[in-house]
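# Fold and geometry: a report
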2 protein chains.
Amino acid sequence: MAVIECVPNISEGRRQEVIDRLADSLRAVPGMRVLDVQSDATHNRSVLTLAGDAAAMTAGIPTLFEGAIAAIDLTSHTGAHPRMGAVDVTPFIPIDGVTMAECVALAKAVAQDVASRFNLPVFLYEDASSNPERKNLEDIRRGEFEGLAAKMAKPGWAPDFGPATPHPTAGASVIGARMPLIAYNINLATNRLDVARKIATAIRMSSGGLRYVKAMGIPLEDRGIVQVSMNLTNYEKTPLFRVFELVKREAERYGVSVLESEIVGLVPAAALRQSVEWYLRLEGFSADQVLENKLRSRSAE
Amino acid sequence: MAVIECVPNISEGRRQEVIDRLADSLRAVPGMRVLDVQSDATHNRSVLTLAGDAAAMTAGIPTLFEGAIAAIDLTSHTGAHPRMGAVDVTPFIPIDGVTMAECVALAKAVAQDVASRFNLPVFLYEDASSNPERKNLEDIRRGEFEGLAAKMAKPGWAPDFGPATPHPTAGASVIGARMPLIAYNINLATNRLDVARKIATAIRMSSGGLRYVKAMGIPLEDRGIVQVSMNLTNYEKTPLFRVFELVKREAERYGVSVLESEIVGLVPAAALRQSVEWYLRLEGFSADQVLENKLRSRSAE
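Residues numbered from 1 in each chain as written. Chains lettered and ligands numbered in written order. Predicted model: local features only at pLDDT ≥ 70, side-chain atom pairs only at ≥ 80, totals over all residues.

### As for the overall build of chain A
Helix and strand content of chain A: nine helices and 11 strands. Relative to a compact globule of 301 residues, whose C-alpha radius of gyration would be 19 Å, chain A shows 21 Å and is just as compact. Put simply, chain A has 301 residues, and 46% of those count as buried. The contacts of chain A with a sequence gap of at least 6 include a subset with a gap of at least 24, amounting to 71%. (Helix = DSSP H or I, 4+ residues; strand = E, 2+ residues; numbered from the N terminus. Rg over C-alpha atoms; globule rule 2.2 N^0.38 Å. Buried ≥ 20, exposed ≤ 12 C-beta atoms within 10 Å, placed from the backbone. Contact = placed C-beta atoms within 7 Å.)

Written as structure tokens, this is what we have:
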């Protein structure tokens, strides 16, 4: 069965009863799993991690919007985190048995649905965006709820769906689709921070490196070594093995060895398979050949 | 949840109603999944592929023995495949969330149970064997049903459980635990069969190579290249990456390149993770970090 991850960020991190009620309304949706709820009172924001198929998302996400719009009033909302909507941002992430194109279609369908049901302006972002100026969340959200009416009046800032002016209490929402992030670090057998920084500069997109790599060089003071600390934002197009091999090659230039690497948090199984296939020069290998996948896929029998 | 694979081989490949009844009796066991049933009339033998946890196996396998012993009479059984029991051989294979030690314990418990319930001699084999002379199935089964009474009368051939003489119609059974096999081939960018054969000789256990590798060199006539064709019988102890790197190194000696490799059939996810960890020098990585595993493990929430 297809698995889509969805990580709505809502502008409520203080009233636990509101957060619980919204999470419970999602738990009641068939096929929807609430994997995690993290609330931050300082940010006054909660991050929900959901998993399910397209049907669960189509049914569940509008329910979340309904509850959040009824409970959250941005005219009196304060918090450290930038926000412009009651449900501030909602990314759909393809995990298993689902394509990015399907997640983009899902994002657009949900956006259209909540815009018309709740008279709410919705902006599409990341892979669902059709406008390069409105691809990054930060660009869309700049000015926040307080600056939203003025921003939406400017050329180029009509929403993708819904009315041309903000919802009076719920602002506007950002909905889209993106790949899962991989937090990936490579430790170097040296204490030379300049080397880690030069390598980070060489490999990250912003300074001319690989398209889907964000990187910085940092010291690991307690171990007396340095680290190239990275976010890989699309492992299909910029795979783990290529990042590792390029860092290793750049380090050689300075006479430095790669000590080890680490994946922080979660990684899709496909990202691991991709690297095995490259190193072992595997031809004609498919995910169906992974024993566990086969055992699971036959579970209906 | 733990997943154990079990692949009982039964001495019936012709009477479809008997095979169906035995498979159905397994399907009725809670937690037991019947993934595959392959029958061969010439061999007069069926291979069942089952998956489940230890409780499902403990409940289900004796049910299979009960039905097979009632239905199968080896005194009138003919077929091309060697056999000595109604349920001829029953391996338990650790797949996910279960150790080999647990599969060995399960094999012994099931062996003791069916031996006492059905007055059946049972021999333990592979990782469950406590006797190096009785580790390989072929050694235990040599002489087959027809030679069983004479064989069991010899020193060293008392069964691990059950009576010292064969069951009159069901013979004796072999039960044990083993690792999943990986069929792994490496293609060389040459048509020199002697090179493939020299490499196979170098890397396989039987001629001094790696402990859990069986290998031979064969020509791929239609492609004009040669292949080192292998079975890896314990990927935990003799991992994919080590086999690949050793073959690559041996090939270099002859000025030959590795063209590609292939996995035929199924491979445990752990075997792939192991190779990614080695090549990327990953430290502190665990299966829990694979996104799909996390999504599945939280399904109860």
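### Side note on the pairing of strand β6 (residues 122-126) of chain B
All names here are of chain B. Most of β6 is tucked away, with five of its five residues classed as buried. Summarising the sheet, β6 and strand β7 (residues 173-177) pair through five bridges and their orientation is parallel. Across the sheet, residue E126 finds its bridge partner in β7, namely A177. (Pairing = 2+ DSSP bridges.)

### Some thoughts on the relation of the copies chain A and chain B
Relating one copy of the chain to the other takes a rotation about an axis and a shift parallel to that axis. Each copy superposes on the other: chain A lies on chain B with an RMSD of 0.3 Å after a rotation of 180° and an axial shift of 0.1 Å. The symmetry that links the two subunits is that of a two-fold axis. Minimal C-alpha separation from the rotation axis in chain A is found for A:V276, amounting to 2.8 Å. An overlap of 100% is found between the interface residues of chain A and their copies at the interface of chain B, pointing to a shared contact surface. (Least-squares fit on C-alpha atoms with pLDDT ≥ 70 in both.)

### Regarding the sheet that holds strand β10 (residues 225-232) of chain A
All names here are of chain A. Across the sheet, which stays open at both edges, the four strands sit in the order β9-β10-β8-β11 with antiparallel pairing between neighbours. Of all strands in the sheet, those bounded by a partner on one side alone are β9 (213-220) and β11 (258-264). Each strand of the sheet is rotated relative to its neighbour by a mean of 20°, with strand direction disregarded. Bridge analysis of strand β8 (residues 182-188) against β10 gives seven bridges, and the strand direction is antiparallel. What sits directly across from L188, in β10, is V226. Against the sheet, helix α6 (residues 193-203) makes contact with β8, β9 and β10, and its axis sits at roughly 175° relative to β9, the strand it touches most. (Axes fitted to C-alpha atoms, helices over the stretch in contact; angles between N-to-C directions.)

### Notes on the nonpolar core
Among the nonpolar cores identified, the biggest contains 175 residues, and A:A107, A:V243 and B:A107 are the most heavily contacted of them. In this structure B:A107 touches B:F92, B:L124, B:A128, B:I175, B:G176 and B:A177, once residues within four positions along its chain are discounted. (Core = buried A, V, L, I, M, F, W, Y, C linked by C-beta atoms within 7 Å.)

### Some remarks on helix α2 (residues 54-71) of chain A
A rise of 1.5 Å per residue sets the reference length of α2(A), with its 18 residues, at 26 Å; its end C-alpha atoms lie 26 Å apart and thus fit the reference within 8%. Buried residues of α2(A): A:A56, A:M57, A:G60, A:I61, A:L64, A:F65, A:G67, A:A68 and A:I69, and no others. (Expected span 1.5 Å × (residues − 1).)

### Examining the sheet that holds strand β10 (residues 225-232) of chain B
All names here are of chain B. Pairing is antiparallel across the open sheet formed by four strands, whose spatial order is β9-β10-β8-β11. Two strands bound the open sheet, and with one partner strand each, they are β9 (213-220) and β11 (258-264). Pairs of neighbouring strands in the sheet enclose a mean axial angle of 20°, with direction left out of account. Lying over the sheet, helix α7 (residues 240-253) contacts β8 (182-188), β9, β10 and β11, oriented at roughly 25° with respect to β8.

### Looking at the domain arrangement of chain A
Taken domain by domain, chain A holds domain 1 (3-177) and domain 2 (182-291). Distance between the C-alpha centres of domain 1 of chain A and domain 2 of chain A: 31 Å. (Domains from an automatic or database assignment.)

### Things to note about the interface of chain A and chain B
Each side of the interface is counted separately: chain A has 40 residues, and chain B has 40 residues. Every element with two or more residues in the side of chain A that touches chain B is listed here: β3 (33-40), β5 (87-96), α7 (240-253), β11, α8 (269-279) and α9 (291-297) of chain A. It is α8(A) that provides the largest number of residues to the side of chain A that touches chain B, a total of six residues. Of the residues in the side of chain A that touches chain B, the class split is 23 nonpolar, six polar and 11 charged. (Nonpolar A, V, L, I, M, F, W, Y, C, P; charged D, E, K, R; others polar.)

### A short note on the pairing of strand β3 (residues 33-40) of chain B
All names here are of chain B. With seven bridges joining them, β3 and strand β4 (residues 45-52) adopt antiparallel strand pairing. The residue bridging Q38 from the neighbouring strand is V47, located in β4. Between the end of β3 and the start of β4, which pair antiparallel, lie four residues, with N44 showing a positive phi angle near 50°.

### A few points about the environment of A:V258
Mapped onto the elements of the fold, A:V258 is located in strand β11. Measuring from C-alpha to C-alpha, the distance between A:V258 and A:F244 comes to 9.0 Å, with 14 residues separating the pair along the chain. Not counting chain neighbours up to four residues away, the residues in contact with A:V258 comprise A:I186, A:L188, A:V247, A:K248, A:A251 and B:R281.

### Brief notes about the environment of A:P62
Residue and element names in this part refer to chain A. Topologically, P62 is positioned in helix α2. In this structure P62 comes out as partly exposed when scored by C-beta crowding, with 16 C-beta atoms within 10 Å. A C-alpha to C-alpha distance of 9.2 Å links P62 and F118, two positions 56 residues apart in sequence.

### Details of the packing of α6(A) against α7(A)
Helix packing for two helices is described by the angle between their axes and how far apart those axes are. Residues and elements named next belong to chain A. Put simply, α6 and α7 touch, their axes get as near as 10 Å, and they point 135° apart. As summarised for this structure, α6 and α7 are arranged oblique, according to the angle between their axes. Note on packing geometry: the crossing formed by α6 with α7 is right-handed. From α6, I199, A202 and I203 reach across to α7, where they touch V243, L246, V247, E250 and A251. When grouped by side-chain class, the residues that make up the contact of α6 with α7 number seven nonpolar, no polar and one charged. (Parallel < 35°, antiparallel > 145°, perpendicular 65-115°, else oblique. Left-handed = near helix turned anticlockwise from the far one by under 90°.)

### So, the environment of A:R242
Residues and elements named next belong to chain A. The residue R242 is located in helix α7 in this model. With 18 C-beta atoms packed within 10 Å, R242 lands in the partly exposed category. Residues R242 and S275, spaced 33 residues apart in sequence, show a C-alpha to C-alpha distance of 8.5 Å.

### What about unusual backbone geometry?
Positioned with a positive phi, A:E144 is a non-glycine residue whose angle comes to about 55°. Take A:E144: it is sitting in the loop between α4 (137-141) and α5 (148-153). Positioned with a positive phi, B:N44 is a non-glycine residue whose angle comes to about 50°. Relative to the elements of secondary structure, B:N44 occurs in the loop between β3 and β4.

### As for helix α1 (residues 16-27) of chain B
All names here are of chain B. With 12 residues, α1 extends 16 Å from end C-alpha to end C-alpha; this agrees with the ideal 16 Å at 1.5 Å per step. Every buried residue of α1 is listed here: I19, L22 and L26. Angularly, the buried residues of α1 cover 70° about the axis, an arc narrow enough to put them on a single face. Across α1 from its buried face, at more than 90 degrees, point the exposed residues Q16, E17, D20, D24 and R27. Buried residues belonging to α1 abut β2 (9-10), β3, β4 and α2 (54-71). (Arc of directions from axis to C-beta.)

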